[in-house]
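Topology and contacts: notes
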Amino acid sequence: MSIMVKKISAVYPGSFDPPTNGHLDIIVKASRLFSEVIVAITDNVNKKHIFSLQERLNLVQKSIKHLKNIKITSFSGLLADYLEKINSFIVIRGLRALSDFEYEFQMALMNRKLNKKVETVFLLPEQSYTFLSSSMVKEIALLGGNTADFVPKYVDKELKKRVVNLTKN
Ligand code: PNS
């Protein structure tokens, strides 16, 4: 059952390198609250990603194809500017633990300072995902661990292939 807040779209920004089951959980929860969820993948050239922007777009796309009200896009530059450009000012972020809070709090207030129309809505993931992060998943994969429980099936397959390629070079 969905409890729609309003006929309003919300933006879920992130690196999604790679998308995890925790990200998906937040996307599903947001899709029940908002009429449209725009997953906005950052194209930050200064960050070292394991997957290119195009690959991350594809990984998210493949993982959410069962959901109807989701749009996947990318952005570069400031999130606050991107929100202005698409005229959508609700930002969704997942809050896993107290350790996330300081960074998320700072980011939410900074985004509001940069664009006063921006409001950040924090969603809590299912408890089983509170320890999950893309960086940990990457580390586990690179060190030969099993990531099947942490990412969607398709992402797991692509992650394994990428690790094989990276360790070959
Ligand atoms: O998945 P992540 O890496 O935690 O997402 C962080 C993200 C992409 C939401 C954040 O770094 C961001 O918004 N980057 C865009 C640049 C920007 O606006 N920086 C100022 C934020 S206060």
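Our structure is the block above this text.
So, a few notes on the structure that sits alongside this text. Counting restarts for each chain: residues are numbered from 1 in the order of the written sequence. The model is predicted, so local features are restricted to residues of pLDDT at least 70 and side-chain atom pairs to those at 80 or more, both for listing and for counting; the totals for chains, interfaces and linings are taken over all residues. Only hydrogens and water are set aside; all other atoms, that is, all heavy atoms of the structure, feed into the side-chain values.

Regarding the site of the ligand
We call a residue near a molecule or strand when any one of its heavy atoms sits within 4 Å of it. As a matter of local geometry, the ligand sits amid 14 residues, with Ser15, Lys47, Leu78, Leu79 and Arg93 nearest to it. Between Leu79 and the ligand, the recorded distance is 2.8 Å, taken from a backbone N or O atom to an oxygen atom. Arg93 places a side-chain nitrogen or oxygen 3.0 Å from an oxygen atom of the ligand. In isolation the ligand exposes 540 Å². Once the protein is present, 76% of that is buried. What qualifies as a polar contact is a pair of N or O atoms within 3.5 Å, subject to a donor-acceptor requirement within protein and to the restriction that residues adjacent in sequence count only when both atoms come from side chains. Each accessible area value is a Shrake-Rupley result obtained with a 1.4 Å probe; residue values ignore everything except the protein chains displayed when judging cover.

Description of the pairing of strand E4 (residues 90-94)
Each residue gets one of three labels from its accessible area relative to the maximum for its type: buried under 20%, exposed over 50%, partly exposed in between, using a 1.4 Å probe on protein chains only. Runs of E in the DSSP output that reach at least two residues are strands. Runs of H or I that reach at least four are helices, and both are numbered from the N terminus. With respect to burial, E4 is a largely interior element, five of its five residues being buried. Across the two faces of E4 the burial is the same, with Ile90, Ile92 and Gly94 and Val91 and Arg93 all buried. One ladder, built from five bridges, connects E4 with strand E5 (residues 119-123); its direction is parallel. Residue pairing for E5: Val91 is matched across the bridge by Thr120. The pairing criterion for strands is at least two bridges between them, as found by DSSP.

Some thoughts on the packing of helix H5 (residues 134-142) against helix H6 (residues 153-168)
Every axis corresponds to a line fitted to the C-alpha atoms, with the helix fit spanning only the stretch in contact, and the corresponding angles, defined between N-to-C directions, vary from 0 to 180 degrees. Axis separation between H5 and H6 bottoms out at 9 Å; the angle between their running directions is 55°. Between H5 and H6, the angle falls in the class oblique. The two elements H5 and H6 meet at a crossing, and its hand is right-handed. Taking contact as the criterion, the partners of Val137, Ala141 and Leu142 in H5 are, on H6, Leu159, Val163 and Leu166. Classification used: nonpolar for Ala, Val, Leu, Ile, Met, Phe, Trp, Tyr, Cys and Pro, charged for Asp, Glu, Lys and Arg, polar for all others including Gly. Its residues assigned to classes, the contact of H5 with H6 shows six nonpolar, no polar and no charged. These descriptions rest on fixed angle ranges, namely under 35 degrees for roughly parallel, over 145 for roughly antiparallel, 65 to 115 for roughly perpendicular, and the rest for oblique. Throughout, a crossing is termed right-handed when the near helix is turned clockwise from the far one, and left-handed when it is turned anticlockwise from it by less than a right angle. In this analysis, two residues are considered to be in contact whenever any of their non-hydrogen atoms come within 4.5 Å of each other.

A short note on the environment of Glu119
With respect to the helices, strands and loops of the structure, Glu119 is situated in strand E5. Residue classification places Glu119 among the partly exposed residues on the basis of a relative accessible area of 37%. Separated by 11 residues in the primary sequence, Glu119 and Ala108 have C-alpha atoms spaced 7.4 Å apart. Discounting residues that sit within four places of it in the chain, Glu119 has contacts with Phe89, Ile90, Val91 and Arg112. A polar side-chain atom of Glu119 sits 3.1 Å from a polar atom in the side chain of Arg112.

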